[in-house]
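Notes for the structure review
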Amino acid sequence: MDYNVPNENGFFGEYGGRFVPPQLEDVMKEITEEYFKIKDNSDFLEELQDLYEHYVGRPSPLFHAKNLSKKYGAEIYLKREDLNHTGAHKINHCLGEALLAKKMGKKKLIAETGAGQHGVALATAAALVGLECDIYMGEVDIAKEHPNVIRMKILGATVVPVKSGLKTLKEAVDEAFIAYLQDPVNQFYAIGSVVGPHPFPLMVRDFQSVVGKEAKAQFTTMTGKALPDNIVACVGGGSNAMGLFTPFIKEKNVNIYGVEPAGRGFKTGDHACTLTYGTPGVIHGFKCYLLQDEEGEPSPVYSVASGLDYPGVGPEHSYLKDIGRINYDCINDKEAIDAFFELSRVEGIIPAIESAHAVAFALKLAKQRPGESILINLSGRGDKDIDFVIDNYGKDYGISR
Amino acid sequence: MNKIMTHFVVGFPTMEKSFAAVEAAIEGGASFIELQFPFSDPTADGVLIQDACAVALEQGFRVADGFDFVEKIREKYIVPVFVMSYAGLVFAYGVENFVKKAKSSGVSGLIVPDFPFDYDAGLYQACRESGVHAVAVVLPSIEESRLEQILSLDQRYIYVAIRAGITGQESQVSGEITAFLQKIRRRGKFVLAGFGISSPQQVAALATSCDACVVGSAIVKRLTESPDSLEELKSFVKNLSVAG
Ligand SMILES: Cc1ncc(COP(=O)(O)O)c(C=O)c1O
């Protein structure tokens with residue numbers, strides 16, 4: 001299979017690109033040029049390697065979840081991104097972006113965050129490389145993801161509450177963009193997923209692809225088989241998914257599944273199944289599938305997982321959907337919370353609610369494909385979610401504070 | 001007389017009031033009307049215009065209303081109307097359809113800052129075909145080679161944002177800026193200078209270097225603070241147009 005995207009203008013088929021006002025044109029070009037300069041530079045790669053190994057704790061383990069496998073009938077493997085320093089896959093691209101920003105002489109990292117995982121990872125990277133850090137976060141998410149808010153503050157970042165609209169991820173991106181426009185020379189907008197204008201979807205994917213590279217090798221070592229039959233990841237913007245999927249895209253015998261959040265139903269405003277129900281549109285400087293009204297206004301979105309409720313999605317996912325290489329499916333709040341408890345109680349691993357969407361889908365898949373192998377990207381740990389889960393769902397599972 | 005382009009958000013504070021405000025500006029001597037079709041993600045705008053867009057959208061602004069608004073102005077006045085909006089809105093309408101509809105509604109030109117000529121989703125070509133001006137937005141800090149590319153486009157108008165950042169903060173008119181404007185003008189372009197212009201002094205300082213000054217946030221601010229003071233708006237525009 002021939003697969004070589006994006007093109008030099010940042011297009012994945014018709015998606016992606018760089019639809020930015022002139023205030024950002026020069027700086028986007030500069031970031032692209034600098035990124036291409038360092039991306040294969042041995043000093044840069046060594047530095048990143050070293051941090052991945054000694055700071056993040058990479059490679060993250062691949063774990064054969066034997067209890068789940070036995071219970072559900074397929075061989076289930078977990079790529080343990082939850083064990084990374086800061087508790088999720090986000091640190092992989094944050095370190096890359098922070099090193100790049102530092103090399104470019106920037107003073108401050110800024111970003112949006114939904115669940116707070118990207119914010120924590122960026123605040124961590126900023127502390128490490130010695131940059132200031134402002135994190136934009138919707139007020140709804142600030143209340144829900146309180147532990148992460150505190151972590152960011154302890155790490156020395158400024159958390160800027162976003163009060164507009166639904167006060168969640170989309171609005172946080174809006175605000176971060178506006179702040180960026182004020183001073184693109186001294187600030188670096190380290191976007192939190194494989195979204196935004198070129199080169200971000202490409203750059204974040206490249207940094208995250210360490211997940212898939214490791215997983216591929218680990219799977220072979222562990223099982224003696226060349227490839228897993230199925231791989232699964234949740235899709236918000238799509239960074240953890242691209243990280244796992246990238247080294248497998250050309251392997252046509254591997255079935256690839258991206259899992260979107262079906263929230264509390266399929267009415268507009270109740271879900272964030274962008275690839276399933278969206279149409280091509282432009283948001284935040286790039287083209288992608290978008291949940292929007294006929295006038296191009298992004299629709300309200302919702303998911304129990306703060307890191308998944310974004311009305312757009314990475315341009316590469318949009319392209320992969322169109323060419324039919326990846327299957328995108330949906331998991332609702334209830335299924336995700338069930339999987340959250342299932343993984344906790346059967347394997348002793350508390351997943352992030354985002355990652356629980358991938359687990360829920362994999363458990364369904366296991367029943368349909370007995371005996372096959374299923375490799376899940378366990379993108380983050382659930383520490384951030386425990387208060388929210390016990391308050392809102394505890395009694396359904398017989399527990400209280 | 002200085003040429004002034006006055007900028008309005010269609011539907012802010014209401015449809016009727018924005019129309020009355022446009023009329024006041026024309027009576028005050030505005031030479032061009034720039035109409036912003038509100039979008040929820042006004043990427044290059046400051047808080048004032050963002051909030052104005054939010055108000056217009058809450059009241060149910062539709063793109064069709066925007067074009068009706070243009071038609072109504074063009075039925076009454078001979079003033080050229082430029083429509084400004086963002087990529088997401090134009091793309092959803094269909095770029096070609098948007099340009100055609102603009103043409104048939106009497107729009108002279110389109111300003112879509114996040115559709116630069118090299119990431120335009122076909123906007124420039126559609127404009128060429130329909131005979132609508134596509135107005136590139138440039139900053140004085142633009143790279144020389146990129147500026148050359150823009151100057152060699154077969155488009156008459158160029159919008160110079162006289163400083164970086166977003167709309168709504170007061171700008172200083174430096175010698176560097178006037179030199180930049182003159183440079184573009186010497187290339188035969190019609191130069192619209194905007195961003196942070198609110199006073200007769202600024203207009204006077206720019207008057208000989210550009211073809212028209214764009215006044216945006218200052219007008220939106222007036223409509224935010226006193227939406228019914230149309231006489232004051234009229235004399236505000238008049239004072240700008242006679243400044244110098
Ligand atoms: C643990 C975890 N997984 C997944 C996501 C979703 O992001 P993406 O789709 O970019 O991987 C988030 C976002 O906050 C997250 O924290």
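Residues numbered from 1 in each chain as written. Chains lettered and ligands numbered in written order. Predicted model: local features only at pLDDT ≥ 70, side-chain atom pairs only at ≥ 80, totals over all residues.

**Focus on the overall build of chain A**
- Across its full length, chain A carries 16 helices and 14 strands.
- Against the 2.2 N^0.38 benchmark of 21 Å for 401 residues, chain A shows a C-alpha radius of gyration of 19 Å, consistent with a compact globule.
- Seen along its three principal axes, the alpha-carbon backbone of chain A occupies a region of about 55 × 45 × 45 Å.
- Considering only residue pairs separated by 6 or more positions, chain A has 75% of its internal contacts joining residues 24 or more positions apart. (Helix = DSSP H or I, 4+ residues; strand = E, 2+ residues; numbered from the N terminus. Rg over C-alpha atoms; globule rule 2.2 N^0.38 Å. Contact = placed C-beta atoms within 7 Å.)

**Overview of the packing of helix α4 (residues 90-103) of chain A against helix α9 (residues 200-208) of chain A**
All names here are of chain A.
- Contact pair α4 / α9: the axes reach a minimum separation of 8 Å and the direction vectors enclose 120°. Considering the angle they form, α4 stands oblique to α9. For the pair α4 and α9, the crossing hand works out as right-handed. Counting all contacts with α4, which are made through Asn92, His93 and Gly96, the residues of α9 involved are Val204, Phe207 and Gln208. (Axes fitted to C-alpha atoms, helices over the stretch in contact; angles between N-to-C directions. Parallel < 35°, antiparallel > 145°, perpendicular 65-115°, else oblique. Left-handed = near helix turned anticlockwise from the far one by under 90°.)

**Some remarks on the domain arrangement of chain A**
All names here are of chain A.
- Segmentation of chain A into domains returns domain 1 (11-51 + 90-204) and domain 2 (58-87 + 209-397).
- Just the C-alpha atoms count here: the centres of domain 1 and domain 2 sit 22 Å apart.
- Domain 1 puts 39 residues into the contact, and the matching count from domain 2 is 40 residues. (Domains from an automatic or database assignment.)

**Notes on the sheet that holds strand β5 (residues 133-134) of chain B**
Residues and elements named next belong to chain B.
- Taken together, 9 strands build an open sheet; the order of strands is β5-β4-β3-β2-β1-β9-β8-β7-β6 and the sheet is parallel. The two strands at the open ends of the sheet, each matched to only one other strand, are β5 and β6 (136-138).
- Bridge count for strand β4 (residues 109-111) against β5 is 2 bridges, and the pairing is parallel. By the bridge assignment for β5, glycine 109 is matched with histidine 133. (Pairing = 2+ DSSP bridges.)

**As for helix α10 (residues 210-223) of chain A**
All names here are of chain A.
- Between its terminal C-alpha atoms α10 stretches 20 Å, which fits the 20 Å expected from 14 residues at 1.5 Å a residue.
- Among all positions in α10, only Val210, Val211, Gly212, Glu214, Ala215, Lys216 and Phe219 are buried.
- In the segment just after α10, glycine 224 is the residue with positive phi, at about 80°. (Expected span 1.5 Å × (residues − 1). Buried ≥ 20, exposed ≤ 12 C-beta atoms within 10 Å, placed from the backbone.)

**Points about the packing of helix α5 (residues 117-129) of chain A against helix α7 (residues 146-154) of chain A**
Residue and element names in this part refer to chain A.
- Where α5 meets α7, the closest approach of the two axes is 9 Å, and the angle between their N-to-C directions is 15°. In terms of orientation, α5 and α7 fall into the roughly parallel class. For the crossing formed where α5 meets α7, the hand is left-handed. On α7, the residues that touch Gln117, Gly119, Val120 and Ala123 of α5 are Asn148, Arg151 and Met152.

**Thoughts on the nonpolar core**
- Core analysis: the biggest nonpolar cluster contains 226 residues, and Leu122, Val232, Ala362 and Ile376 of chain A together with Leu110, Val160 and Cys213 of chain B have the highest contact counts within it.
- Counting residues per element, this core draws most heavily on helix α15 (residues 353-368) of chain A, at 10 residues.
- Taken domain by domain, the makeup of this core includes at least three residues from each of domain 1 (11-51 + 90-204) and domain 2 (58-87 + 209-397) of chain A. (Core = buried A, V, L, I, M, F, W, Y, C linked by C-beta atoms within 7 Å.)

**Considerations on the site of the ligand**
Residues and elements named next belong to chain A.
- Taken together, 21 residues are adjacent to the ligand, and Gln117, Gly236, Ser239, Gly307 and Gly380 come closest.
- Mapped by element, the contributors of at least two residues to the shell around the ligand are α5, α11 (239-245) and α15.
- With 3 residues, the single largest contributor to the shell around the ligand is α11.
- Counted by class, the shell around the ligand contains 7 nonpolar, 13 polar and 1 charged residues.
- Counting only domains with at least three residues in the shell around the ligand, you end up with domain 1 (11-51 + 90-204) and domain 2 (58-87 + 209-397). (Near = placed C-beta within 6 Å. Nonpolar A, V, L, I, M, F, W, Y, C, P; charged D, E, K, R; others polar.)

**Re the environment of valine 282 of chain A**
- Residue position: valine 282 of chain A is located in strand β11 (residues 279-283).
- A count of 26 C-beta atoms within 10 Å places valine 282 of chain A in the buried class.
- Each C-alpha atom of the pair valine 282 of chain A and glycine 296 of chain A lies 7.7 Å from the other, and the pair is 14 residues apart in sequence.
- If we skip the residues at most four places from it in the chain, valine 282 of chain A touches Phe19 and Lys287 of chain A together with Ala87, Gly88 and Phe91 of chain B.

**Thoughts on the interface of chain B and chain A**
- In this complex, chain B contributes 25 residues to the contact, which on the side of chain A involves 24 residues.
- At the level of secondary structure, the elements contributing two or more residues to the side of chain B that touches chain A comprise α4 (87-93) and β6 of chain B.
- With 5 residues, α4 of chain B is the largest single contributor of residues to the side of chain B that touches chain A.
- Residues of the side of chain B that touches chain A, tallied by class, amount to 16 nonpolar, 5 polar and 4 charged.

**Let's talk about the sheet that holds strand β6 (residues 132-138) of chain A**
All names here are of chain A.
- Read from one edge to the other, the open sheet built from 4 strands follows the order β7-β6-β5-β8, with strand pairing classed as parallel. Sheet topology places β7 (158-162) and β8 (187-189) at the edges, where each strand pairs with a single neighbour. For this sheet, the mean inter-axis angle between neighbouring strands, taken without regard to orientation, is 25°.
- Bridge count for β6 against β7 is 5 bridges, and the pairing is parallel. Each residue of the ladder has a partner; that of aspartate 134, found in β7, is threonine 158.

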